[in-house]
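A closer look at the structure
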Amino acid sequence: MEAENDQGVISKFGKMTVSKGEGTYQSNKLANKKAEKNESTGKAKKSTRLGLEVKKLENLAEWYSQVITKGEMIEYYDVSGCYILRPWSYAIWEVIKEWLDNQLKKLGVQNCYFPIFVSKNVLEMEKTHIADFAPEVAWVTKSGDSDLAEPIAIRPTSETVMYPAYAKWVQSYRDLPIKLNQWNNVVRWEFKHPQPFLRTREFLWQEGHSAYSEPKEAEEEVMAILDLYTKVYTDLLAIPVIRGRKTEKEKFAGADYTTTVEAFVSASGRGIQGATSHHLGQSFSKMFNIIYEDPETQEKKYVYQNSWGMTTRTIGVMIMVHADDQGLVLPPKVSNVQVVIVPCGITAKMAEEEKKKLIDACVTLEDEFKKQQIRVKGDYRDNYSPGWKFNHWELKGVPIRIEVGPRDVQQGQLVAVRRDNREKVIIKCLEASKTIDCMLTQIQEDMLSRAAKDLNDHTKICKDWSDFCRELEHKNIILALFCGGIPCEDQIKKDSARDDAADSGAPSMGAKSLCIPFEQPRLVELGDKCIHPNCTSKPKYYVLFGRSY
């Protein structure tokens, strides 16, 4: 699957020592320590007040760290690049998993599980494929005090794990298609600065691997899967994406071509790969000898294959796009709690009967919402003030907060506050379930609309190199004419980078190709030139360029 991203591992068999691929562990030891120092570990984090202490547009890195920790999404861990997913974030992954799993099964995909360990011989069978992963492969080299006879890799992806089995299972055209998916974890031991959810050494994902007798069927599946990934972002996470095909330079190693959905984070001005669906053609079937006998000609033929995956990066993209200076802002469809009910106005002098009447009214509301399949929680803790609770649930991004006081009980009403825009609405209790349900739908739609406008406002079409570089500095992504050549793409990235790396902490890397959008902004016309001023090749299409995670 797409390339995204040594510690001792204790098992019941003793300590297994894991070393990094390509013998770079020692040379990167200092870099690893530096990364551990730079990223906030559990020990390094200081106790702070409830709310965020930095603003999103002033210090994005620290803002992000505070959002995910104070919002109870992540707990830092003592292995750099690895993180604890707390229930508040894992619940989001469960929503994505349940929805996507159901959709995949409708396509005839079955779930399975393959081992996390890969033998060195098998991993290195496909040289082109593994070349992209080699620096990131973690190797198990010891068990206890004994060296293993042969190092065993921890899977960075599962093509080489699964395809030897496919070769055994496929004998006849009747054995096709194979459509398997696994929900698992992978390890990619890179030494770039890790960021929770966005770039981690271990992450959760689903990876699908299919085999077909006909290329047309395989290519239809590539697009069907990409459609599902698009819906995860737009329909569940309220995030617009740009669908397209990766350039030759950026496609998955070993694939005929790679399709992708690309998202955008305006706060950093960077694109981010959302999910990928690859058509592998016959490259892997030839390597692993996955063949079947044609029923008409009795000729041995290689199968056509796909692989596709989506990761917990989705959660990080959602946070970056929607969260604000007060904390998380969760789309209702993925929020573990869609509505929180907070009783207000309880004082030490309040009579127990009046207090009970208020709490009972809140519990009745809660029960009504549950009947409407609204995920609701009543916060009846008496050791925290209503104001503290407001801040707490706002920080956690709950879509709607409901406030109920003694006077509201008397008047048969409640106050509903939207998290996304802070709008307050007074609602009659008799209409509460229907109104809140409609409000949740409206919040979901509004969040997508705002994010779509943000993406559109930051997507610029450029034909001139100076405009290209200027728009890049203005935190935009750019549609530009491109010849498709790998050397030219390398030059674009090099020449669009800023030399003043120390300048104000702003990103200084150059622009890379994000995708060739399926929806082209306009036709390539006679006389058009590739965006790089030194390129003499004819442009083939408009490509989306930008800084990227």
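Ranked by size, the top nonpolar core spans 56 residues in total, and within it Met-73, Leu-237, Met-318 and Ile-319 carry the most contacts. When residues of this core are assigned to their parent elements, the largest contribution, 7 residues, is made by helix H7 (residues 215-236). When sequence neighbours within four positions are dropped, the list of residues in contact with Met-73 reads Ile-68, Ile-84, Leu-85, Arg-86, Trp-88, Ser-89, Ile-92, Phe-197, Ile-315, Met-318, Ile-319 and Leu-328. Core analysis: the second largest hydrophobic core is formed by 25 residues, Phe-114, Val-137, Ala-153 and Met-162 among them.

The omega torsion of the bond from Leu-176 to Pro-177 falls at 0 degrees, within 30 degrees of zero and hence cis. By secondary structure assignment, the location of Pro-177 is in the loop between helix H6 (159-169) and strand E9 (178-187). Of note in the backbone geometry, Gln-298 takes a positive phi value of approximately 60 degrees without being a glycine. Examined against the element boundaries, Gln-298 turns out to sit in the loop between strand E14 (291-293) and strand E15 (300-302). A positive phi angle is found at Arg-422, which is not glycine, with a value near 65 degrees. Among the secondary structure elements, Arg-422 is positioned in the loop between strand E20 (413-418) and strand E21 (424-428). By relative accessible area, Arg-422 is classed as partly exposed at 41%.

Attention now moves to the confidence of the model for the protein chain. When pLDDT is averaged along the protein chain, the result is 90; 88% of the residues meet or exceed 70. Contacts of residues 2-48 to residues separated by more than four positions or lying in other chains number 107 contacts, the stretch itself having pLDDT below 50.

The 5 strands are arranged E18-E17-E19-E20-E21 in an open sheet whose pairing can be described as mixed. Strands with a single pairing partner mark the edges of an open sheet, and in this sheet they are strand E18 (376-378) and E21. Strand-to-strand, the axes of this sheet are offset by a mean angle of 25 degrees, without reference to chain direction. The sheet contact formed by strand E19 (residues 400-404) and E20 spans 4 bridges and is antiparallel. When the bridges of E20 are listed, Ile-400 appears paired with Arg-418. In the packing of helix H11 (residues 386-395) onto the sheet, contacts are made with strand E17 (339-343), E18 and E19, and the angle to E17 comes to roughly 170 degrees. Where helix H13 (residues 432-457) meets the sheet, its contacts fall on E17, E19, E20 and E21, and the angle it forms with E20 comes to roughly 10 degrees.

Time to look at empty space enclosed by the protein. Within this model, the largest cavity holds a volume of roughly 70 Å³. Around the largest cavity sit Phe-390, Trp-393, Glu-394, Val-398, Ile-400, Arg-401, Val-417, Arg-418, Arg-419 and Arg-422, which together line it. Contributions of two or more residues to the lining of the largest cavity are made by H11, E19 and E20. Of the residues forming the lining of the largest cavity, the biggest block, 3 residues, is contributed by H11. Class assignment for the residues of the lining of the largest cavity results in 5 nonpolar, no polar and 5 charged.

Inspection of the secondary structure assignment puts His-392 in helix H11. Not counting residues up to four positions away in its chain, the partners in contact with His-392 are Leu-50, Glu-72 and Arg-381.

Our next topic: the environment of Leu-228. Within the secondary structure, Leu-228 sits in helix H7. The spatial distance from the C-alpha of Leu-228 to the C-alpha of Gln-103 is 7.5 Å, given a sequence separation of 125 residues. Dropping the residues within four chain positions of it, Leu-228 is found in contact with Trp-99, Leu-100, Gln-103, Leu-104 and Leu-107.

Following the criterion strictly, the structure yields 13 aromatic pairs and no others. Geometrically, the ring pair formed by Phe-482 and Phe-545 is edge-to-face, given 5.5 Å between the ring centres and 90 degrees between the ring planes. Of the two residues, Phe-482 is situated in strand E23 (residues 477-482) and Phe-545 in strand E25 (residues 541-548); the sequence distance between them amounts to 63 residues. Each member of the pair, Phe-482 together with Phe-545, is buried. One aromatic cluster is present, formed by Phe-114, Tyr-163, Tyr-166, Trp-169, Phe-284 and Phe-288 through successive ring pairs. If you follow Arg-270 out to its NZ or CZ, it ends over the ring of Tyr-549, 4.9 Å from the centre. A cation sits over an aromatic face here: Arg-401 above Phe-390, 4.1 Å from the ring centre.

Cut-offs and rules
- Residues numbered from 1 in each chain as written.
- Predicted model: local features only at pLDDT ≥ 70, side-chain atom pairs only at ≥ 80, totals over all residues.
- Heavy atoms only, no water.
- Core = buried A, V, L, I, M, F, W, Y, C linked by side-chain atoms within 4.5 Å.
- Buried < 20%, exposed > 50% of the residue type's maximum accessible area, 1.4 Å probe, protein only.
- Helix = DSSP H or I, 4+ residues; strand = E, 2+ residues; numbered from the N terminus.
- Contact = heavy atoms within 4.5 Å.
- pLDDT = per-residue confidence, 0-100.
- Pairing = 2+ DSSP bridges.
- Axes fitted to C-alpha atoms, helices over the stretch in contact; angles between N-to-C directions.
- 1 Å grid on protein atoms, 1.4 Å probe; cavity = no way out; pocket = protein on both sides within 12 Å on 5 of 7 lines; lining within 4 Å.
- Points joined across faces, edges and corners; volume = space filled by probe spheres on them.
- Nonpolar A, V, L, I, M, F, W, Y, C, P; charged D, E, K, R; others polar.
- Phe/Tyr/Trp six-rings, centres within 6.5 Å; stacked < 30°, edge-to-face > 60°.
- Lys NZ or Arg CZ within 6 Å of the ring centre and 35° of its normal.

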